[in-house]
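As a plain string of letters, each chain reads:
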Amino acid sequence: DMLTTQAMAESFYMSNMVPQVGPNMNRTIWADLEAMARKWSEARQDVQVVTGPIFEGNVAKMGNGQVWVPTSLYKVVLDLRTLESIAFIIRNESSEEPLQQLVVSVDKVENMTGIDFFPLLPDDLENKLESSANLNAWIWENSSSTSSVGNSDTETTQLNQCKGKTKKGTRCKN
């Protein structure tokens, strides 16, 4: 979904990669979540998205460098305008579960990772946002590359892939 060589090259840093188990993990549930996060970011406009690995128990390793393979992956989304949040934990394996069944509180992700995702928010607001997730506050559309999404029936935005910015601040070309 990146249409410039520079944008593609900037996505291949090790900090932007994690081993995923089997080809279907990245082609199914994770691809659906990535597409939803892009749509929410575009429709809501002022969104922070944090993604990373979770390592639990006896962690598998792969390759000559013995790269750790995470047991799960997480994604935390915060809408700074509406002050709504949602988080996901997805086992690092193929899945056909609906994304809505994988929603967890931000607190759960923080407990599993040891990361405080929104430390600059006032504590009372942070506690409220992180303790639960309101699935009805988020639009759930299919994850095709073009879809209408928005916060109400009267407010929709037509979205296309590759509307993000590169590290240098330039937009990808559609």
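No experiment lies behind these values; they were computed from the predicted model shown.

Caption draft 1: Structural context of the overall build of the chain. Within the chain, the secondary structure is distributed over five helices and eight strands. Shown N-terminal to C-terminal, the secondary structure of the chain runs as helices and strands in the order α-α-α-β-β-β-β-β-β-α-α-β-β. Across the 174 residues of the chain, 35% fall into the buried class. A separation threshold of at least 6 residues defines the contact pool for the chain, and within that pool the share at least 24 residues apart is 54%. As displayed, the chain has an accessible area near 10,400 Å², and 49% of this comes from carbon and sulfur atoms.

Caption draft 2: The arrangement of the packing of helix α4 (residues 106-113) against helix α5 (residues 123-131) in detail. Interhelical geometry of α4 versus α5 gives an angle of 95 degrees and a closest axis separation of 6 Å. In terms of orientation, α4 lies roughly perpendicular with respect to α5. On α5, the residues touching V106, D107 and E110 of α4 are E126, E130 and S131. Classifying every residue of the contact of α4 with α5 by side-chain character gives one nonpolar, one polar and four charged.

Caption draft 3: Focus on the packing of aromatic side chains. One pass over the full model with this rule turns up five aromatic pairs. Relative to W68, the ring of F55 lies with its centre 5.5 Å away and its plane at 75 degrees, an arrangement referred to as edge-to-face. Placement of F55 in the loop between β1 (47-54) and β2 (60-62) and of W68 in strand β3 (residues 67-69) is noted, with a sequence separation of 13 residues between them. For F55, a relative accessible area of 37% gives the class partly exposed. The class of W68 is partly exposed, set by a relative accessible area of 46%. Centre to centre, the rings of F117 and F118 are 6.4 Å apart; their planes meet at 50 degrees, and the pair counts as tilted. Residue F118 is classed as buried on the basis of its relative accessible area of 4%.

Caption draft 4: Highlighting the sheet that holds β1. Ordered by their spatial adjacency, four strands build an open sheet running β1-β4-β5-β6, and the pairing between neighbours is antiparallel. On the outer flanks of this sheet lie β1 and β6 (103-104), each paired with one strand and no other. Taken together, the eight bridges between strand β4 (residues 72-79) and strand β5 (residues 84-91) define a ladder with antiparallel strand orientation. Bridging from a neighbouring strand, L73 pairs with I90 of β5. Packing of helix α3 (residues 29-44) onto the sheet brings it into contact with β1, β4 and β5, and relative to β4 it is tilted by some 10 degrees.

Caption draft 5: Just the pattern of salt bridges, in detail. Applying the stated rule across the entire model yields four salt bridges. Between E84 and R44 there is a salt bridge, with its nearest N and O atoms 2.7 Å apart. One end of the pair, E84, is in strand β5; the other, R44, is in helix α3, with 40 residues separating them in the sequence. Overall, the relative accessible area of 2% leaves R44 in the buried class. The salt bridge involving R91 is made with E56; its shortest N-O contact spans 3.5 Å. With R91 in strand β5 and E56 in the loop between β1 and β2, the pair connects residues that are 35 residues apart, well separated along the chain.

Quick notes on the rules
Counting starts from 1 at the beginning of each chain's written sequence and moves along it residue by residue. Where totals are concerned, whole chains, interfaces and linings use all residues; where local detail is concerned, this predicted model gives features only for residues with pLDDT of at least 70, and gives and counts side-chain atom pairs only at 80 or more. Only hydrogens and water are removed before side-chain values are computed, so all heavy atoms of the structure are retained for them. By definition, any uninterrupted DSSP run of H or I lasting at least four residues is a helix, any uninterrupted run of E lasting at least two residues is a strand, and each is numbered from the N terminus. Residue exposure (1.4 Å probe, protein chains only): buried if accessible area is under 20% of the type maximum, exposed if over 50%, otherwise partly exposed. Contacts: residue pairs with any heavy atoms within 4.5 Å of one another. Surface accessibility follows the Shrake-Rupley procedure with a 1.4 Å probe radius. Residue values consider only the protein chains on display as shielding. Structural elements are reduced to axes, namely lines fitted to C-alpha atoms, with helices fitted over the stretch in contact, and the angle between N-to-C directions of any two is expressed from 0 to 180 degrees. Put simply, angles under 35 degrees are roughly parallel, angles over 145 are roughly antiparallel, angles from 65 to 115 are roughly perpendicular, and the rest are oblique. Only Asp, Glu, Lys and Arg are considered charged, only Ala, Val, Leu, Ile, Met, Phe, Trp, Tyr, Cys and Pro nonpolar, and every remaining residue, Gly among them, polar. Note on aromatic pairs: the rings of Phe, Tyr and Trp (six-membered ring only in Trp) are paired at centre separations within 6.5 Å, and the planes decide the class, stacked below 30 degrees, edge-to-face beyond 60, tilted for the rest. Criterion used throughout: strands pair if DSSP finds at least two bridges between them. Each salt bridge in this description consists of a side-chain nitrogen of Lys or Arg and a carboxyl oxygen of Asp or Glu lying within 4 Å of one another.

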